[in-house]
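# Reading the structure
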Amino acid sequence: MIWNFPYNSPLAIIELLKEENLAMNKKFGQNFLISPPAWEKIVESLGEVEGQRVWEIGPGLGVLTHLLLKTGALVTAFEIDHGFSRILREQAFAGEENFTLVEGDFLKTWPKVFSQAGPPAIICGNLPYNVGSICIASLLEEQCLPERMSFTLQKEVGERLLAQEGSKLWSPLSILAQIDYALDLVATLNSGVFFPPPKVDSVVIRFSRRTTPLVKREERVEFLRVVNDLFTQRRKTVRNNLLNGKTGAIYGKEGVLEALKVAGIAESERAEKLSIENLIRLTESLTPSKR
Ligand code: SAM
């Protein structure tokens, strides 16, 4: 069964929660999407979903879920709120064979589903504002890399993901995302499309997997360690961040300074100025000194 609930009506949502003796929980970033054009944009951004395995993070009462199921997706939804989970299981999608619910914290539950069934074709979600970037980072770090992902996020997190070198927002998260995916901004959503309206605007960001990742598989661990060291203290020079981090401990002062020289990076440079290409060159320049 696929529920016909008036998801665009705050009044209907309030009534339902009252009937079910449930309250919205601030801690879980619960802001429901109540705008049909916004739902459509998000679902459209996923491309063809029919017959595809789709993970949805934080289905809430099932607004995106019901559209995905109607278009023939095979949905696995991860929801932390037990009250919402009960509604999804017993009312919204009771007996729906293409719907699987995984109850609990996505950060704890997804690795098991991944290890049993591999990555889905698509991941999507109107992500809870407090853990959105952590959910994305955890998928990327553990290399759960579906072909496509599309997330509704706080604007500030979206800007961080889309940032380029030279920007104050260029960060390990931007780099982690961009080495495996091309990212684009699908839409900016004002707070009025949510109930209750959050304090900040949101964006929908689409991730399209690159055919070849920018960083070679065998260099990935080293590359990410270098990135993390470089951004430890943004105001410090690349030299100091590397020497004070794990990179310095592994390669020593001489190894680090030599690698910077070979990579053509000034010791006094700041991490936010370095492109992915620069970072790859630096990683590759470090490696010979290890041998
Ligand atoms: N998808 C619904 C919508 O668009 O109306 C609800 C989106 S709401 C912003 C975020 C949802 O994520 C809520 O249902 C919340 O309970 C759930 N959530 C929050 N933290 C979670 C976590 N760690 N794991 C799984 N779900 C979580």
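Residues numbered from 1 in each chain as written. Predicted model: local features only at pLDDT ≥ 70, side-chain atom pairs only at ≥ 80, totals over all residues. Heavy atoms only, no water.

So, about the overall build of the protein. If you tally the helices and strands in the protein, you get 12 helices and 9 strands. Dimensions of the protein, computed from C-alpha atoms along their principal axes, come out at roughly 70 × 40 × 30 Å. Per-residue burial over the protein gives 52% buried out of 291 residues. Taking the contacts inside the protein whose residues are at least 6 apart along the sequence as the reference set, 69% of them involve residues at least 24 apart. (Helix = DSSP H or I, 4+ residues; strand = E, 2+ residues; numbered from the N terminus. Buried < 20%, exposed > 50% of the residue type's maximum accessible area, 1.4 Å probe, protein only. Contact = heavy atoms within 4.5 Å.)

Look at helix α5 (residues 106-117) against helix α6 (residues 132-141): their axes get within 10 Å of each other, and the N-to-C directions meet at 25°. Between α5 and α6, the crossing angle belongs to the class labelled roughly parallel. Considering only the axes of α5 and α6, their crossing is right-handed. Of the residues in α6, those in contact with Phe-106, Leu-107 and Trp-110 of α5 are Ile-134, Cys-135, Ser-138 and Leu-139. (Axes fitted to C-alpha atoms, helices over the stretch in contact; angles between N-to-C directions. Parallel < 35°, antiparallel > 145°, perpendicular 65-115°, else oblique. Left-handed = near helix turned anticlockwise from the far one by under 90°.)

Surrounding the ligand, one finds 21 residues, the nearest of these being Gly-58, Glu-79, Asp-105, Phe-106 and Asn-126. Residue Gly-58 places a main-chain N or O atom 2.8 Å away from a nitrogen atom belonging to the ligand. In the environment of the ligand, a nitrogen atom lies 2.9 Å from a nitrogen or oxygen atom belonging to the backbone of Phe-106. Surface burial for the ligand is 97%, taken as the share of its 590 Å² of free accessible area covered by protein chains. (Near = heavy atom within 4 Å. Polar contact = N/O pair within 3.5 Å; in protein donor to acceptor, adjacent residues only side chain to side chain. Areas by Shrake-Rupley, 256 points an atom, 1.4 Å probe, with all protein chains shown as cover.)

Right, let's get into the side chain of Asn-126. Turning to its location among the elements, Asn-126 is positioned in strand β5 (residues 122-126). Judged by relative accessible area, Asn-126 falls into the buried class, the value being 17%. At a separation of 3.2 Å, a polar atom in the side chain of Asn-126 contacts the main-chain carbonyl oxygen of Asn-31. In contact with Asn-126, not counting residues within four places along its chain, are Asn-31, Leu-33, Ile-57, Gly-58, Leu-64, Thr-152 and Phe-194.

Spatially, β4-β3-β2-β5-β6-β9-β7 is the arrangement adopted by the 7 strands of the open sheet, whose pairing is mixed. Each having just a single partner strand, β4 (99-103) and β7 (181-189) make up the two edges of the open sheet. Sheet twist, expressed as the mean angle between neighbouring strand axes with direction ignored, is 20°. Note: strand β6 (residues 148-154) against strand β9 (residues 202-209), 7 bridges, orientation antiparallel. Paired with Arg-148 across the two strands is Ser-208, which belongs to β9. Taken strand by strand, α5 contacts β2 (53-57), β3 (74-79) and β4, and its axis lies near 170° from that of β2. Relative to the sheet, α6 contacts β2, β5, β6, β7 and β9, its axis offset from that of β6 by approximately 155°. (Pairing = 2+ DSSP bridges.)

For the rest of this paragraph, the subject is the domain arrangement of the protein. Under the domain assignment used here, the protein contains domain 1 (10-209) and domain 2 (217-289). In this complex, domain 1 contributes 16 residues to the contact, which on the side of domain 2 involves 14 residues. Of the roughly 1,100 Å² buried at the junction of domain 1 and domain 2 (both faces included), carbon and sulfur atoms supply 63%. If you sort the residues of domain 1 by the area they bury against domain 2, Trp-170, Pro-172 and Ile-175 come out on top, with a joint share of 42%. Inspection of the region where domain 1 meets domain 2 yields 2 salt bridges. Of the charged contacts, one joins Lys-168 and Glu-272 as a salt bridge, the two residues approaching to 3.4 Å between their closest N and O atoms. For the interface between domain 1 and domain 2, the tally reads 7 residue pairs in polar contact (both at pLDDT 80 or more). Residue contributions to the side of domain 1 that touches domain 2 peak at 6 residues, all from helix α8 (residues 172-180). (Domains from an automatic or database assignment. Buried area = accessible area lost by both parts, 1.4 Å probe. Salt bridge = Lys/Arg side-chain N within 4 Å of Asp/Glu carboxyl O.)

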